[in-house]
Amino acid sequence: MTPLVELDNVVAGYGGAPILNGINIEIHASDIGVIIGPNGAGKSTALKSIFGLLQVTGGAIRFDGEDITNRLPDALVPLGLSFVPQERNVFTSMTVHENLEMGGFIRDDDLSGTLSEIYDMFPDLKAKRHQNAGELSGGQRQMVAMGRALMSRPKLLLLDEPSAGLSPRYMMEIFEQVVRINKTGVGILMVEQNARQALGFASKGFVLASGQNRFTGTGQELLDDPEVAKSFLGG
Amino acid sequence: MNELIFFFNNVVVSGLVLGSIYALGAIGVTLVFGILRFAHFAHGDMMTMGGFVAFLLASLFAAWGLTLPVPLGFAVLPLTFVITAALALGIDKGFYAPLRARGAKPVTLLIASIGVTLIIQGMIRLFFGTGTYNFFEGAPKELYRIEVPLEEATRTINFSQPQVLLLLVTVVTVVALHLFLTRARLGKAMRAMADNADLAQVSGINTALVVRVTWIIAGGLAALAGTMLALDVTLKPDLAFNILLPIFAAAIVGGLGQAYGAIAGGFLIGFAETAAIFNWSILLRPFRDALPEFIEIPNNLALVPTEYKLTVAFIILVITLLARPTGIFKGAST
Amino acid sequence: MNRRTLIFFGALLAYYAIAGVFFGAAYISLLSVQALAFALIALGLNIQWGFGGLFNFGIMGSLMVGGFAATTISFPVNPEFWASDGPALLGQVAIAAAIGAVLVIAAGQAHRIGITGRWKTTLQVIAWFAAYVIYRSRIDPAVAYIEATDAGWIGGLGLHPILGWIFGGVLAAGVAYIIGKVSLGLRTDYLAIATIGISEIIRALIKNMDWLTRGTLTVSPLDWPVPRPQDLQAMGLAIADSFVVGRVAFFGVLLVVLALVLYLVQRAYGGPWGRMMRAIRDNHIAAAAMGKDVKSRQLEIFIFGSVLMGIGGAALVTLNQIFDPGSYQPINHTFLIWVMLIVGGAGNNWGAVFGALFIYLTWMLSDAAAQFLFNGLSDWMVTMGWPGIPDVQSRSSQMRVLILGVVITLALRYTPRGLIPETYQARD
Ligand SMILES: Nc1ncnc2c1ncn2[C@@H]1O[C@H](COP(=O)(O)OP(=O)(O)O)[C@@H](O)[C@H]1O
Ligand SMILES: [Mg+2]
């Protein structure tokens, strides 16, 4: 079976020396993939390289078997990719509702079904739908960001540290939703700092360091690996 | 009472008129800034260009013997809007888009807008010379006089026909723009891109399309502003370059990137200018007899002499930059 | 200077020589002197933009300030003014201004007596307003008096023109200090609009302050640092020769000034000062983190560039022997210089000088070329039985604006770093 997304020896950077020195990642539609690694390892860079936000200089990226290396975001969203960046991931001067509508910009059909699905998923948002996203708390913003990304009905959702800076309550809520979204047939590839929790529900785990794969396995395998635990999970 | 009417005519009516022109210009400046992140200095010249497009069209229709109850310059506005918007698109394609494609910094686009200024100015002067043109060919503009239903009032509140039409155009434009930005998919996409261009791109918004729409609106509004300004005064090649400062001041005061801020800023500067050059001693004259002998009302109590009107917009601009650089509506920060 | 630079300057020399053959010695010598003055001005902009990354759309203001200084310093004394009550009235104005200044400064120190926040701001606004009213109450009658008397204006000081140039530099520095204090540190777009605003205000002031500048009434002739053509004629030189000789001598003076400035700037830019400036320009944040006082360095460089513009503006007015505030236009006095720098190469002093000399001649040539072209076209149209082109002269002099726009557009597109680019580091 062809994987949903496949990074094949990807080399990429921001114009200077490459940040990713040949990394490999494979995700199927049923997978929740979690990337962990120290700060500056290139985790965000890996997601951005999939989404055409920087120059890939070596290797290939395939989506559903199709080569999408260096395609621009407005060509990727219609294919079924969606991305929630780590920072500045909502339109602060627009209402929650408008944020979600922007996520569905590429769709020409009626958005109301998807909108109500998302409001069901995040009831907090429904109450604040006419409030500016900039006025929301960090957790609620993260929900808006995820909701926005889901509006295009993606096959693959890329999440960059969705739980960063959130209280445990919001973190759990976000993680629960990630699992639920995955159950509907959406492949997930996320970067996480809360590595233990995330690996707990991950079907695949990738440890990146200095732009290279250090360990790859199921979430449980990584949790059980003493070396991973020592170097990357804080003992 | 007559003094009050005089005040109304010179400050309120003139302020509304000036404010409308500034607002229409500033909206374009602020939208272009919001989307493309550079101060488009050729905007004044786009306004002038719009004025000349309208003048050409009006002359053409006049030559065909067309007469209407409204000035021809006003009647051709829709067509002028379309033509100038197309020219604005062409300017972007020819001058700015290649630089953006190369990944040039916004400041390079700012410098490129000097080139556009020079080319538009050069074209206009080449074909029309440096003289002034009048849409009304000597026929006086119609004047609407509103009687004030009071005993002592012998003066009337005056609007010229172009002024009334200008206010009308402004109201229609502002309402239409509001509906576009809050209801239309592309309008919202425009706000999204001004808010966070990276996220807009990530969301799959067709940013190239948004850029085109921005130029259409900016160019079209510039045409409206330029034409209405030329109808109110006269048409000349440096028509709008001279009001570039108040227009930018309006956009900055309102917060660069904020359409509503630009409207508010435009009217703020318009009223401030007319109030600053108004001779306030006229309002004090009725009290002359009530005042003790030794207090003499000077003949001229204008805050700023007319020839220095420009300083008003500038001072407001400087105060804004010092006190609140993001503008009253929180636009782009430093 | 590398080979590329030498080749470009060689070509430039040939360009001037060919133009000289067409225009004649008298006119090309005039153009050459003017071009040198523009080279000085372009160097000033190069220091601000090329070295410091500081945007300046207000070059016209500095040039006018320089021109005003040259006029006031070198024009003969106006005895009628000094015999009238004018000086006394102006003395009162000075006192009023001083009182106003004291008020404003005092309000700025209000926090020392415990007035802070909103109250201090209110107090400052009131102080500014009071100062303005006090000043206006003295200046208005003084102006009315001076303009009504036979004196008409205060006249000049009758000093050497070179002193006028120096004063032009000083005055431009003062204006630049105020602009810089207010607007440096703002984003580029704001700096651009702030500088364009100040230069427009300077134009309005100089145009309308008849008592101080003679405004659009203008005064002439101004003295030169070398014998003027009319002086040479009085000494018995033929008219045609007098222009060439006088202008060549003027050229010599300006060349010495330019060479001196160029030498100093080149040296400074090659040294530690230049390295620091580049560091600040290319990376504000890192430079600030390294403990550089970015803002005052930028103020320094902004002032320094403006000084050169003031001197250049003064030299131009001295050369023309007349200061006509009505003749200043942003196109001819701000944008033209930007085109010179962009085409020549921002960040390279030789590029700035080359751009100024090359663009100035092109700018002046395109007028003549367009006239030639249009006349030919018009004649051809007449022979075809069509009406000729009306106002060929005024139209063709507008042609150069168009050409200038095309030139800068092409430069940005195809040689974004200029013909003689910066040698240190790529930008953009
Ligand atoms: N926009 C950028 N331009 C240049 N370098 C960048 C950029 N973003 C990140 N980097 C560099 O790339 C490396 C990896 O960053 P990133 O992928 O964000 O790490 P993380 O694993 O913490 O998400 C870091 O050394 C960082 O400095
Ligand atoms: Mg990261």
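Not measured: the values here are computed from a predicted model.

All names here are of chain A. Near ligand 1, the surroundings consist of Y14, I19, P38, N39, G40, A41, G42, K43, S44 and T45. The separation between an oxygen atom of ligand 1 and a polar main-chain atom of K43 is 2.8 Å. Here ligand 1 loses 57% of its free accessible area of 560 Å² to cover by the protein chains. Split by residue class, the shell around ligand 1 holds 4 nonpolar, 5 polar and 1 charged.

Glancing now at the environment of A37 of chain C. Residues and elements named next belong to chain C. Structurally, A37 can be placed in helix α2 (residues 25-51). Judged by its relative accessible area of 1%, A37 falls in the buried class. Sequence-wise, A37 and A314 are 277 residues apart; in three dimensions their C-alpha atoms are separated by 9.0 Å. Excluding its chain neighbours within four sequence positions, the residues that come into contact with A37 are L254, G312 and L316.

Attention now moves to the coordination of the magnesium ion (ligand 2). Residue and element names in this part refer to chain A. Within the protein, the magnesium ion (ligand 2) binds to S44 (OG) and Q86 (OE1); these donor distances fall in the range 2.0 to 2.4 Å. Here the residue S44 occupies a position in helix α1 (residues 43-50), and Q86 occupies one in the loop between β6 (81-84) and α3 (96-103), the gap between them amounting to 42 residues. Since its relative accessible area comes to 17%, S44 is described here as buried. The exposure class assigned to Q86 is partly exposed, which follows from its relative accessible area of 33%.

All names here are of chain B. In a regular helix each residue adds 1.5 Å, so 19 residues correspond to 27 Å; helix α11 (residues 259-277) covers 28 Å between its end C-alpha atoms and thus fits that length. Taken together, the buried positions of α11 are occupied by A259, G261, A262, I263, G265, G266, I269, G270, E273, T274 and A276. Tucked into the core, α11 has its buried residues touching α1 (2-36), α6 (161-183), α10 (244-253) and α13 (310-323).

Across the contact, 53 residues belong to chain B and 46 residues belong to chain C. When chain B packs against chain C, close to 4200 Å² is buried across both sides, 75% of that on carbon and sulfur atoms. Per-residue buried area on chain B facing chain C is highest for I111, L118 and L126 of chain B; these three make up 15% of the total on that side. Summed over the shared surface of chain B and chain C, the number is 0 salt bridges. At the junction of chain B with chain C, the criterion picks out 6 residue pairs in polar contact (both at pLDDT 80 or more). Listing elements by their share of the side of chain B that touches chain C, those giving two or more residues are α4 (77-101), α5 (106-128), α10 and α13 of chain B. With 17 residues, the top contributor of residues to the side of chain B that touches chain C is α5 of chain B. Counted by class, the side of chain B that touches chain C contains 38 nonpolar, 10 polar and 5 charged residues.

Rules of the game
- Residues numbered from 1 in each chain as written.
- Chains lettered and ligands numbered in written order.
- Predicted model: local features only at pLDDT ≥ 70, side-chain atom pairs only at ≥ 80, totals over all residues.
- Heavy atoms only, no water.
- Near = heavy atom within 4 Å.
- Polar contact = N/O pair within 3.5 Å; in protein donor to acceptor, adjacent residues only side chain to side chain.
- Areas by Shrake-Rupley, 256 points an atom, 1.4 Å probe, with all protein chains shown as cover.
- Nonpolar A, V, L, I, M, F, W, Y, C, P; charged D, E, K, R; others polar.
- Helix = DSSP H or I, 4+ residues; strand = E, 2+ residues; numbered from the N terminus.
- Buried < 20%, exposed > 50% of the residue type's maximum accessible area, 1.4 Å probe, protein only.
- Contact = heavy atoms within 4.5 Å.
- Donors = N, O, S within 2.8 Å, 3.2 Å for Na, K, Ca; no water.
- Expected span 1.5 Å × (residues − 1).
- Buried area = accessible area lost by both parts, 1.4 Å probe.
- Salt bridge = Lys/Arg side-chain N within 4 Å of Asp/Glu carboxyl O.

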